[in-house]
Amino acid sequence: MGVFVESNQGAVGGGGKSGFRSLVRRKRVDSAHSKSSDTGHHQLAKELSVAHLIAIGVGSTIGAGVYILVGTVAREHSGPALAFSFLIAGIAAALSAFCYAELASRCPSAGSAYHYSYICLGEGLAWIIGWALILEYTIGGSAVARGISPNLALLFGGADSLPFFLARHSIPSLGIVVDPCAAFLVFLVTGLLCVGIKESTFVQSVVTTANICAMFFIILAGGYLGFKSGWIGYKLDVGYFPFGVDGMLAGASTVFFSYIGFDSVASTAEEVKNPQRDLPLGIGAALSICCMLYMLVSAVIVGLVPYYAMDADTPISSAFASHGVQWAVYIITIGAVTALCSTLMGSLLPQPRILMAMARDGLLPSFFSEVNKRTQVPVKSTILTGVIAAILAFAMDVEQLAGMVSVGTLLAFTMVAISVLILRYVPPNEVPLPSSLQAAIDSVSLRYSNTVSTEEIDVEVSKGHGQTGVSGEKNVDISKKGDTSAEYPLIAKVQAQAMIKEHKRRRIAGWAIMLTCIGALILTYSASNLGIPSYFRLTLCGLGGILLLFGLGVLSCIEQDDARHNFGHTGGFICPFVPLLPILSIVINIYLLLNLGADTWMRVSVWLVMGVFVYVIYGRNHSALQHAVYVPATHVDEIYKSSAESLSS
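Residues numbered from 1 in each chain as written. Predicted model: local features only at pLDDT ≥ 70, side-chain atom pairs only at ≥ 80, totals over all residues. Heavy atoms only, no water.

Novice: Could you give an account of helix α26 (residues 636-648), naming the residues involved and the relevant values?
Specialist: Working note: α-helix, 3.6 residues per turn, so residues spaced by three or four point in the same direction. For α26, spanning 13 residues, the distance from its first C-alpha to its last is 18 Å, which sits close to the expected 18 Å at 1.5 Å a residue. Residues of α26 that are buried: Val-636, Ile-639, Tyr-640, Ser-642 and Ser-643. In an axial view of α26, the angular spread of the buried residues amounts to 160°, which keeps them on one side of the axis. Across from the buried face of α26, at angles greater than 90 degrees, the exposed residues are Asp-637, Lys-641 and Ser-648. (Helix = DSSP H or I, 4+ residues; strand = E, 2+ residues; numbered from the N terminus. Expected span 1.5 Å × (residues − 1). Buried < 20%, exposed > 50% of the residue type's maximum accessible area, 1.4 Å probe, protein only. Arc of directions from axis to C-beta.)

Novice: Describe the pattern of salt bridges, with residues and values.
Specialist: One pass over the full model with this rule turns up 12 salt bridges. The shortest N-O distance in the salt bridge between Glu-102 and Arg-106 comes to 3.0 Å. Taken together, the residues Glu-102 and Arg-106, both in helix α5 (residues 82-106) and 4 residues apart, mark about one turn of the helix. Accessibility expressed as a relative area gives 6% for Arg-106, which makes it buried. Here Arg-424 and Glu-102 are joined by a salt bridge, their closest N and O atoms 3.0 Å apart. (Salt bridge = Lys/Arg side-chain N within 4 Å of Asp/Glu carboxyl O.)

Novice: Residues and numbers for unusual backbone geometry, please.
Specialist: The peptide bond linking Val-578 to Pro-579 adopts the cis configuration, its omega dihedral lying at 15°. One can find Pro-579 in the loop between α23 (534-557) and α24 (580-594). Positive phi values are uncommon outside glycine, yet Ser-112 reaches one of about 50°. Among the secondary structure elements, Ser-112 is positioned in the loop between α5 and α6 (113-120).

Novice: Explain the packing of aromatic side chains to me, using residue names and the numbers behind them.
Specialist: Scanning the model with the defined rule gives 23 aromatic pairs in all. Judged by centre distance (5.8 Å) and plane angle (40°), the ring pair of Trp-127 and Tyr-615 falls under tilted. On the criterion of sequence distance, the pair formed by Trp-127 in helix α7 (residues 123-155) and Tyr-615 in helix α25 (residues 598-622) is long-range, its members being 488 residues apart. The burial state of Trp-127 is the same as that of Tyr-615; both residues are buried. Ring plane angle 50° and centroid distance 5.8 Å describe the contact between Phe-217 and Trp-327, whose orientation is recorded as tilted. (Phe/Tyr/Trp six-rings, centres within 6.5 Å; stacked < 30°, edge-to-face > 60°.)

Novice: Outline the nonpolar core, supporting the account with residue identities and numerical values.
Specialist: Tyr-67, Tyr-100, Ile-218, Ile-301, Ile-316, Phe-320 and Leu-344 are the most contacted members of the largest nonpolar core, which has 164 residues in total. Broken down by element, the residue count for this core peaks at 16 residues, all from helix α17 (residues 403-425). With near-sequence residues (within four places) excluded, Phe-320 lies in contact with Phe-217, Ile-218, Ala-221, Gly-222, Leu-225, Ile-301, Val-325, Ala-328 and Ile-332. In terms of nonpolar packing, the next biggest core, distinct from the first, is built from 11 residues, Leu-437, Ile-441, Val-629 and Ile-639 among them. (Core = buried A, V, L, I, M, F, W, Y, C linked by side-chain atoms within 4.5 Å. Contact = heavy atoms within 4.5 Å.)

Novice: Could you give an account of the packing of α7 against α25, naming the residues involved and the relevant values?
Specialist: α25 packs onto α7 with a crossing angle of 125° between their chain directions and a minimal axis gap of 10 Å. Of the possible angle classes, the one that applies to α7 and α25 is oblique. Of the two possible hands of crossing, α7 and α25 adopt the one that is right-handed. Within the contact between the two elements, α7 uses Glu-123, Trp-127, Ile-128, Trp-131, Ala-132, Ile-134 and Leu-135 and α25 uses Trp-607, Leu-608, Met-610, Gly-611, Val-612, Val-614, Tyr-615 and Arg-620. Looking at the contact of α7 with α25 residue by residue, the classes come out as 12 nonpolar, 1 polar and 2 charged. (Axes fitted to C-alpha atoms, helices over the stretch in contact; angles between N-to-C directions. Parallel < 35°, antiparallel > 145°, perpendicular 65-115°, else oblique. Left-handed = near helix turned anticlockwise from the far one by under 90°. Nonpolar A, V, L, I, M, F, W, Y, C, P; charged D, E, K, R; others polar.)

Novice: So what's going on with the side chain of Ser-85? Which residues, and what values?
Specialist: Mapped onto the fold, Ser-85 is located in helix α5. Owing to a relative accessible area of 0%, Ser-85 belongs among the buried residues under this scheme. Apart from residues lying up to four places away in sequence, Ser-85 is in contact with Ser-78, Met-248, Gly-251, Ala-252 and Val-255.

Shown next as structure tokens:
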């Protein structure tokens, strides 16, 4: 077919080869062409501004964990240096936030990390990320909901003070404790999300503001008590780092998970009025506000009482009580309740949009992609998500499954960082078009075929069809070589040399990215696995470090792809310090993934295996790319123009 190549997924070739191709096929960034031709669903409402995004980000990130976490981390890891632990964790989270900010502004569509992975890494990894995020938001929402009723009970006087129909009840015959309050709150939030994105975000803004006010009370009132008492928590003989710098870093790895939640902002990209400007601002501002509040609260609390005297369960309330301010427990509890309610909304908001994105791509049934005409939100997906989360919150003790929440987030963070490297060094040079444009594709292909010999075309197709082949711009040059080679042989020779050089650069960059990821995995695994014999562990650390540094050095020396300037929606945020920043993000996220524990990975593996079966049985065979035709990116506009001309004639 000339310079254009059909996907051939599923229809042609052996099963093994076809199956692998389905895993690596990549979709295109949403464009005016794709949106105008996509009439199968209504668009989401573009209602969100920077203020809305900040409310979503802060509300989804600051949960009740900070009201408990400060005591545990200070006692066991950081001591008075707790604020530094939060600062280091915030910087580590910012590495992922920078990567999210660039991809969200370039690819502003629903689906967040799933969407970016599908564009840059391929269908197989995108499915894994999407499937893991489904688990994260379901378990996360249920766990948050079950944490609200005990805090509500404290406000009303004790564990048994809630009305009978909302209080927890034990069913010995089934061995479960049901929580009607948790289920009721999930249904309430689900109904609110179905009303509309603007209305639900307004409510989340109000709840988040109440939580921030409670944290400001802790900072201001605690600061007054600290100055009055002389900051006794900092006047210790053991100094500021009783557990050493290692303890502070261990504390940072623990509190890192308190920053998870800003990625919810990226999931609303399709509903933002000005995504190129507002998404990076929303992500950055939300993370900065969270980091500032965490540091101020922790700095105040560890100064009120010695770190070793902190209450592990209620550190903030007990710190105020030790200074005779027992009534502060009510304000602190209100802050915890509002934080949990806001986090619940942040957990239930992204999942319907990820399901919708996967259904739009054909990997899930079209039921999930339907958008309500009036409210312009995926109501059916939202209701189904809410019902499942409510059942889990009502009947299951999901606290032991809470570690599974982190797997989906850290996997997403890792893939987003890798996607930035792909985008900068080896961006997709071919894009899939629907087979309905076959006539226009053949017409444009024939136009170029008439000027290029068959041998030259075959060589170019073999290079361009691979995922790390020559960029689209070079395909245009070689297609025109027949026009210039006779009159300007020197120009044709220079063009051919430039194409060979570019092909070599992309191949080197692709290998460097792969070696960097392998090196990061080996290094973090050997560094975190103390059960390995020391000599073997050091050998693995050395090997991983060499691969990592080699990949970083190669990527730092070679040029980035010129096509990155035109990839997706231009004019937005550009991630700085590439390739160093994404590689640091990859290392940190892989290290945290490997330290989640064997039990967590066993549970997650069961879910991921289920996802593989769903993909093989349904997703792979119903993918929107099943019969797509891949063409050089530079010819897309010409093909659409040819199609429009043929329709008008």
